[in-house]
Amino acid sequence: MQTSQKHPSSAGVHFYHQPVQGIYQMLQSNLCHDSSSQGTTSVSFETCKEQYFTLESCPAPTAFMDCDDSPSYASVSSKRTPFSPQGSQSCYSDHHQSSDNAYGSPISGLSSVDDGHGLKHKLRELEISLLGLDESDIVDSCGCCMAKVGLQGASQLAKHDWDQIVENIPQLDLKGVLKVCAQAVSDDDIPIARGWMDNVLGRMVSVSGDPIQRLGAYLLEGLRARLESSGNLIYKSLKCEQPTSQELMSYMHILYQICPYWKFAYISANAVIEEAMANESRIHIIDFQIAQGTQWYLLIQALAHRPGGPPSLRVTGVDDSQSIHARGGGLQIVGERLTDYARSCGVPFEFHSAAISGCDVVRGNIEIRHGEALAVNFPYVLHHMPDESVSTENHRDRLLRLVKSLSPKVVTLVEQESNTNTSPFFHRFVETLDYYTAMFESIDVACPRDDKKRISAEQHCVARDIVNMIACEGVERVERHELLGKWRLRLSMAGFKQCAFSSSVMAATQNLLKDFNQNYRLEHKDGALYLGWMHRHMATSSAWR
């Protein structure tokens, strides 16, 4: 962390000329709908002497995560997440830019592109209040331009009394500061961005603090990596050391137990598949994110109790090589475990492995047998497939067309309800901030704040996704979430029709929330199930044929 420079008092920061808290409230009420449980999250500090840890200084109980040397910031690729515990599947194809398509969603934070001038105007008002700029420093061009910040950012920076800003940190709202810093990065305003990162944000974030402080630590690292355009910097900052398979599985299990996101995917999809296959004697399931195979233990158990005897079940597991470390071995481990369990339940069972990234799957990788009823499962995996904005091959839509050609009886899709695919950088940052604020709050209520295992789980299973979304572009950005509205359009274009959920499917899914905090909620809307935390939709489950 750099030492703050001394500046003449005449260039002081006019914090009280326009109340800072009022500016933040106006910022948050006009920029976007903050739908996390606390609305405007104010950071309070017990004393100026309290210590705040960045990722560089955090006394983490275990080493951080695996890393690979890379020549560019784009190499900060996401490998593990609470929504994809084994590893993100990505394809390296020709990069192709496209404009953003914003689709509506019941509740999705900043899910559509806001008015650019109004957005920047609010940010500039906040920055002016924080930095104490004189009116002579500002040019009212479209109400949002600062003449001496940007090309002349270095000289402008010299006017900012970062020491005085640091002294007033207890009055600053961390979300607001993160947004101002992200806007500076978006504008290539390097001096201002560095000023906020090195002098202010580094003192406000902590991987062992409250939810917004913990999230802020990872967002800060993403901003630094993007600014430096260097994967080496971010890997050094994150103290990348690959945990053992046992440790990684332990971290994943913690999130699986304390949050309902994966159980929501498993239970809702299983209920749909079981209902669709009620009269079938031979079932084939293609799982494009087989992971540990955990989902199918539940279905095997249900099929074992079917009146008249269980059907035969064949599972094809698609998985790439990145999952080997997390699992401690290849897909044969999953196959052996599922086979043993099915045998104990009296269910005829076969397992076939497709050790290949989902975006590389072609017709020849899938064995289709006459007389089998086919179900295809996409649990938090399609958003890893590069689309038309990344590659002319558009694996996201290509894979959907391939699946449609197999004539499945049902397709289950579970995805994060977030818009980070083709959004411009700043809007993607705000959406990531909003979405993961809700996630970190939902994690926070389930574990004590000083729980070292929870800290490690967040670092190893969540942080890398966040950094990937903020720091990376092109083929290296594999975390590309879309709203249900966009998925509905893609599936419809591939020839699918949405299936309505029955009352039994909804009841089975609702039942799982009994074991979690009362702030989780389940909503049935537009033929899909929405899992939410407070007023923020976090994930959706839908069925297609």
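Quick note: structure is the one above.
Now for a description of the structure that goes with this document. The structure presented is a predicted model; accordingly, all values stated were derived computationally and were not measured.

1. Here we look at the overall build of the protein chain
Part 1: Assigned secondary structure in the protein chain consists of 19 helices and 9 strands.
Part 2: Restricting to contacts in the protein chain with at least 6 residues of sequence separation, those with at least 24 account for 81%.
Part 3: On the protein chain, roughly 20,500 Å² of surface is accessible, and the fraction owed to carbon and sulfur atoms is 50%.

2. Digging into the nonpolar core
Part 1: In this structure, Trp196, Val200, Leu223, Phe264, Ile285, Leu313 and Tyr436 are the most contacted members of the largest nonpolar core, which totals 100 residues.
Part 2: Element by element, the count of residues in this core is highest for helix α15 (residues 425–444), at 11 residues.
Part 3: Summarising the domain contributions, this core has at least three residues from each of domain 1 (162–241 + 421–439 + 448–477) and domain 2 (246–417 + 481–544).
Part 4: Counting residues in hydrophobic clusters, the runner-up holds 28 residues, among them Ala354, Leu484, Ala528 and Tyr530.

3. Thoughts on unusual backbone geometry
Part 1: A positive phi angle, near 55°, is found at Tyr380, a position not held by glycine.
Part 2: Note that Tyr380 resides in the loop between β4 (373–379) and α14 (395–405).
Part 3: Residue classification places Tyr380 among the buried positions, given a relative accessible area of 0%.

4. Considerations on helix α5 (residues 174–186)
Part 1: For α5, with 13 residues, the first-to-last C-alpha span of 18 Å sits near the 18 Å given by 1.5 Å per residue.
Part 2: Of all 13 residues that make up α5, 12 are buried, and the element is covered over most of its length.
Part 3: Where α5 is concerned, the buried positions are Leu174, Lys175, Gly176, Val177, Leu178, Lys179, Val180, Cys181, Ala182, Gln183, Ala184 and Val185.
Part 4: Its side-chain oxygen 3.2 Å from the backbone nitrogen of Lys175, Asp173 forms the N-cap of α5.

5. Considering the packing of aromatic side chains
Part 1: Counting across every chain of the model gives 12 aromatic pairs.
Part 2: Pairing Trp162 with Trp196 gives two aromatic rings, centres 5.2 Å apart and planes at 85°, and the pair type is edge-to-face. Taken together, the residues span a long stretch of sequence, with Trp162 in helix α4 (residues 162–167) and Trp196 in helix α6 (residues 190–204) at a distance of 34 residues.
Part 3: Judged by its relative accessible area of 0%, Trp196 is buried.
Part 4: With a centroid separation of 4.9 Å and an interplanar angle of 70°, the aromatic rings of Tyr520 and Trp533 are classed as edge-to-face. Remark: Trp533 occurs in strand β8 (residues 528–533) and Tyr520 occurs in strand β7 (residues 520–525); sequence separation between them is 13 residues.

6. Remarks on the pattern of salt bridges
Part 1: Per the stated rule, a full pass over the model turns up 24 salt bridges.
Part 2: Here Glu367 makes a salt bridge to Arg369, at a shortest N to O gap of 3.0 Å.
Part 3: By relative accessible area, Glu367 is classed as partly exposed at 37%.
Part 4: Arg428 is the salt-bridge partner of Glu473, the closest N and O atoms lying 2.4 Å from each other. Of this pair, Glu473 sits in the loop between α17 (463–471) and α18 (484–493) while Arg428 sits in helix α15, and the two are 45 residues apart along the sequence.
Part 5: What makes Arg428 buried here is its relative accessible area of 1%.

Conventions and cut-offs
- Residues numbered from 1 in each chain as written.
- Predicted model: local features only at pLDDT ≥ 70, side-chain atom pairs only at ≥ 80, totals over all residues.
- Heavy atoms only, no water.
- Helix = DSSP H or I, 4+ residues; strand = E, 2+ residues; numbered from the N terminus.
- Contact = heavy atoms within 4.5 Å.
- Areas by Shrake-Rupley, 256 points an atom, 1.4 Å probe, with all protein chains shown as cover.
- Core = buried A, V, L, I, M, F, W, Y, C linked by side-chain atoms within 4.5 Å.
- Buried < 20%, exposed > 50% of the residue type's maximum accessible area, 1.4 Å probe, protein only.
- Domains from an automatic or database assignment.
- Expected span 1.5 Å × (residues − 1).
- Polar contact = N/O pair within 3.5 Å; in protein donor to acceptor, adjacent residues only side chain to side chain.
- Phe/Tyr/Trp six-rings, centres within 6.5 Å; stacked < 30°, edge-to-face > 60°.
- Salt bridge = Lys/Arg side-chain N within 4 Å of Asp/Glu carboxyl O.

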